[in-house]
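An overview of the molecular structure
Here is how the chains run, residue by residue.
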Amino acid sequence: HPLDDPATDPFAVAATAAAEIALKTGVEHHDIALTLGSGWGRAADLIGETTATIPADEITGFSKPALVGHPGTIRSVLLPSGKRALVIGARTHYYEGHGVRRVVHSVRTAAATGATTMILTNGAGGIRESWTPGTPVLIRDHINLTADSPLEGATFVDLTDLYSARLRAIARQIEPGLDEGVYTQFRGPHYETPAEVQMAKAIGGHIVGMSTALEAIAARQAGMEILGMSLITNLAAGISATPLSHTEVLEAGADAEPVISALLARIVAA
Ligand SMILES: Nc1nc2[nH]c(I)nc2c(=O)[nH]1
């Protein structure tokens with residue numbers, strides 16, 4: 001894989017991928033990019049008209065999606081405003097063990113297509129009991145528990161207001177009931193133990209997940225404005241009496257999809 005060689009410049013690989021996307025979609029410049037995590041898949045259809053759909057593994061640096069059945073595509077969507085959105089339906093998770101460069105390649109590629117706004121969505125566990133499965137939550141800040149970073153060398157990037165207060169205010173104008181919280185990224189792929197969930201709570205986390213934080217850091221390095229949203233699909237381990245069940249996760253995501261996708265479409269249109 002091109003990104004596995006440390007001597008390779010990851011930004012050159014992103015530039016190559018962006019050029020391929022421009023060629024295959026016929027769209028020279030994209031304005032906004034969205035990564036759709038579990039539960040958010042339907043948003044692409046609601047935000048505008050898809051003018052091109054590319055299998056992700058046709059683009060340099062992208063690989064077959066880890067999740068069986070995951071769309072694994074990259075779509076160019078024409079928004080009602082006339083702006084162009086790049087919808088990435090093929091996220092590489094840190095737990096796949098391919099290294100952090102592969103995790104953030106989609107964000108770097110989105111920036112290379114010209115996008116200045118990065119919307120990162122995911123499915124996650126909730127530590128707040130009031131967040132029943134199916135609740136969408138704005139990410140206010142994150143705690144990166146991966147002990148890793150997409151930044152290489154003496155790249156000291158400031159991360160204050162990493163999850164744009166401006167974009168969160170727009171989201172809350174559209175949906176005043178939207179709550180927000182601090183997202184903690186664990187390495188996964190196992191879910192947290194109850195003790196780890198209590199640790200996340202003790203250090204100020206409200207959401208537990210296995211993505212997003214590393215992508216957000218890369219998006220900031222690329223100078224993008226970031227909006228992060230989690231779909232709480234389960235109560236984190238130990239928060240409720242009944243144990244985690246994957247079917248609960250999938251059902252909650254499915255039921256919430258139309259609601260959160262419509263919400264995301266309104267935020268993108270704003
Ligand atoms: N780390 C972590 N990731 C998740 N993704 C989903 I969906 N639910 C969870 C969860 O409870 N913990």
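The rules we used
Residues numbered from 1 in each chain as written. Predicted model: local features only at pLDDT ≥ 70, side-chain atom pairs only at ≥ 80, totals over all residues. Heavy atoms only, no water. Near = heavy atom within 4 Å. Polar contact = N/O pair within 3.5 Å; in protein donor to acceptor, adjacent residues only side chain to side chain. Areas by Shrake-Rupley, 256 points an atom, 1.4 Å probe, with all protein chains shown as cover. Helix = DSSP H or I, 4+ residues; strand = E, 2+ residues; numbered from the N terminus. Nonpolar A, V, L, I, M, F, W, Y, C, P; charged D, E, K, R; others polar. Buried < 20%, exposed > 50% of the residue type's maximum accessible area, 1.4 Å probe, protein only. Axes fitted to C-alpha atoms, helices over the stretch in contact; angles between N-to-C directions. Parallel < 35°, antiparallel > 145°, perpendicular 65-115°, else oblique. Left-handed = near helix turned anticlockwise from the far one by under 90°. Contact = heavy atoms within 4.5 Å. Pairing = 2+ DSSP bridges. 1 Å grid on protein atoms, 1.4 Å probe; cavity = no way out; pocket = protein on both sides within 12 Å on 5 of 7 lines; lining within 4 Å. Points joined across faces, edges and corners; volume = space filled by probe spheres on them.

1. Notes on the site of the ligand
Close contacts around the ligand come from eleven residues, with Tyr 191, Glu 192, Gly 209, Thr 233 and Asn 234 the closest. Contact distances for the ligand include 2.5 Å between a nitrogen atom and a side-chain N or O atom of Glu 192. Surface burial for the ligand is 94%, taken as the share of its 330 Å² of free accessible area covered by protein chains. Elements represented by at least two residues in the shell around the ligand include exactly β5 (117-126), β8 (207-209) and β9 (225-235). For the shell around the ligand, the element with the highest residue contribution is β5, accounting for three residues. Looking at side-chain class alone, the shell around the ligand contains five nonpolar, five polar and one charged residues.

2. Details of the side chain of Ser 76
Within the secondary structure, Ser 76 sits in strand β3 (residues 73-78). A relative accessible area of 0% places Ser 76 in the buried class.

3. Remarks on the packing of helix α1 (residues 10-25) against helix α3 (residues 100-112)
With their axes 8 Å apart at the nearest point, α1 and α3 run at an angle of 55° to one another. Comparing the axis directions of α1 and α3 gives the class oblique. In the packing of α1 onto α3, the handedness of the crossing is right-handed. Where α1 approaches α3, its residues Pro 10, Phe 11, Val 13, Ala 14, Ala 15, Ala 17, Ala 18 and Ile 21 are matched on the opposing element by Arg 101, His 105, Arg 108, Thr 109 and Ala 112. For the contact of α1 with α3, the residue count by class is nine nonpolar, two polar and two charged.

4. Quick look at the pairing of β5
The buried count for β5 comes to nine of ten residues, which makes it a mostly enclosed element. Where strand β1 (residues 32-35) lies against β5, four bridges are found, and the strand directions are parallel. Looking across to β5, one finds that Thr 35 is bridged to Leu 120. When β5 meets β9, the two strands line up parallel, connected through ten bridges.

5. Quick look at the layout of surface pockets
Looking at the second largest pocket, its volume works out to about 310 Å³. Residue lining of the second largest pocket: 17 residues in total, with Ile 32, Lys 83, Thr 117, Val 268 and Ala 270 positioned closest to the centre. Sorting the residues of the lining of the second largest pocket by element identifies β5, α4 (165-174), β9 and α7 (246-269) as the ones contributing at least two each. Broken down by class, the residue content of the lining of the second largest pocket amounts to ten nonpolar, three polar and four charged.

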